[in-house]
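Structural description and commentary
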Amino acid sequence: MSPTNPGLDLPFHRLREVRDAVLHLHKALLHSERGVYEQSHGPIKSKGEFFQLVVGDEWFSWLRPLSQFIVQIDEAVSAKEPITLDRANELLNEARSLLHPSEEGTPREQRYYQAIQRDPDIAFMHAAVSNLLSRDR
């Protein structure tokens, strides 16, 4: 649901843009991680097997917070009650935190950093999301 307060239009619009960019990035990260997983463990035989690995295997666990974040945005923007400015800003701040690559940070930050290093498409998507998140902070 759209905010009823015109002052929320920019954060609400930004949140939708971030959601779409993060979803696109998430799909690319899943594809990239699948390739690395298959190099180590052999081919994944089906979409069902891949889904089970994504939701249950430790290899993909670093991507689960990103999956959950996308769901949080979807729930916030489709709720019966209009999203508040505080909630929109909370979600934007969470995106900044989740999408923080680091060569020496947490395991999630390290895996994200590695994905950016090995795949130029992911690096470009990360830059695009970072640009969205840094505008008019």
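Report follows, based on the coordinates. Quantities reported herein were computed from a predicted structural model and do not represent experimental measurements. As a convention, each chain's residues are numbered from 1 in the sequence order in which they are written. Reporting in this predicted model follows two pLDDT cut-offs: at least 70 for local features of residues, and 80 or more for side-chain atom pairs to be given and counted; totals over whole chains, interfaces and linings ignore these cut-offs and use all residues. Hydrogen atoms and water are omitted, and side-chain values are computed over all heavy atoms in the structure.

Where empty space is left can be seen by rolling a probe of water-molecule size over the atoms. A 1.4 Å probe that fits but cannot get out identifies a cavity on a 1 Å grid over protein atoms alone, an open set with protein on both sides within 12 Å along at least five of seven lines counts as a pocket, and a residue lines either if it has an atom within 4 Å of a point. Grid points are joined across faces, edges and corners, and a volume is the space filled by probe spheres set on the points. Summed over the entire model, instances satisfying the criterion amount to one cavity of 30 Å³ or more. Space inside the largest cavity adds up to approximately 60 Å³. Surrounding the largest cavity, Leu-29, Trp-62, Leu-63, Leu-66, Leu-98, Leu-99, Arg-108 and Tyr-112 form its lining. Here the residues of the lining of the largest cavity are counted per class, giving seven nonpolar, no polar and one charged. Residues were grouped as follows: Ala, Val, Leu, Ile, Met, Phe, Trp, Tyr, Cys and Pro as nonpolar; Asp, Glu, Lys and Arg as charged; and all remaining residues, including Gly, as polar.

To pair, rings of Phe, Tyr and Trp, with the six-membered ring standing in for Trp, must have centres within 6.5 Å; the planes then decide the type, stacked if under 30 degrees apart, edge-to-face if over 60, and tilted in the middle. Using the criterion set out here, one finds four aromatic pairs in the structure. Measuring from centroid to centroid gives 6.5 Å for Trp-62 and Tyr-112, while their planes differ by 40°, and the two rings are tilted. With Trp-62 in the loop between helix H2 (47-56) and helix H3 (64-78) and Tyr-112 in helix H5 (residues 107-118), this residue pair connects regions lying 50 residues apart in the sequence. For the pair shown, Trp-62 and Tyr-112 are each scored as buried. Chaining the aromatic ring pairs together yields one cluster made of Tyr-37, Phe-50, Trp-59 and Phe-60. Above the face of the Phe-50 ring, Arg-34 is positioned so that its terminal group lies 4.7 Å from the ring centre. Charges are assigned to positions over rings by a cutoff of 6 Å between ring centre and Lys NZ or Arg CZ, combined with an angular limit of 35 degrees from the ring normal. The ring of Trp-59 is capped by Arg-111, whose NZ or CZ atom sits 5.2 Å from the centre of that ring. Secondary structure elements are taken from DSSP: a helix is a run of H or I of four residues or more, a strand is a run of E of two residues or more, and numbering for both begins at the N terminus. For the exposure calls, accessible area comes from a 1.4 Å probe over protein chains only, and a residue counts as buried if that area is under 20% of its type's maximum, exposed if over 50%, partly exposed in between.

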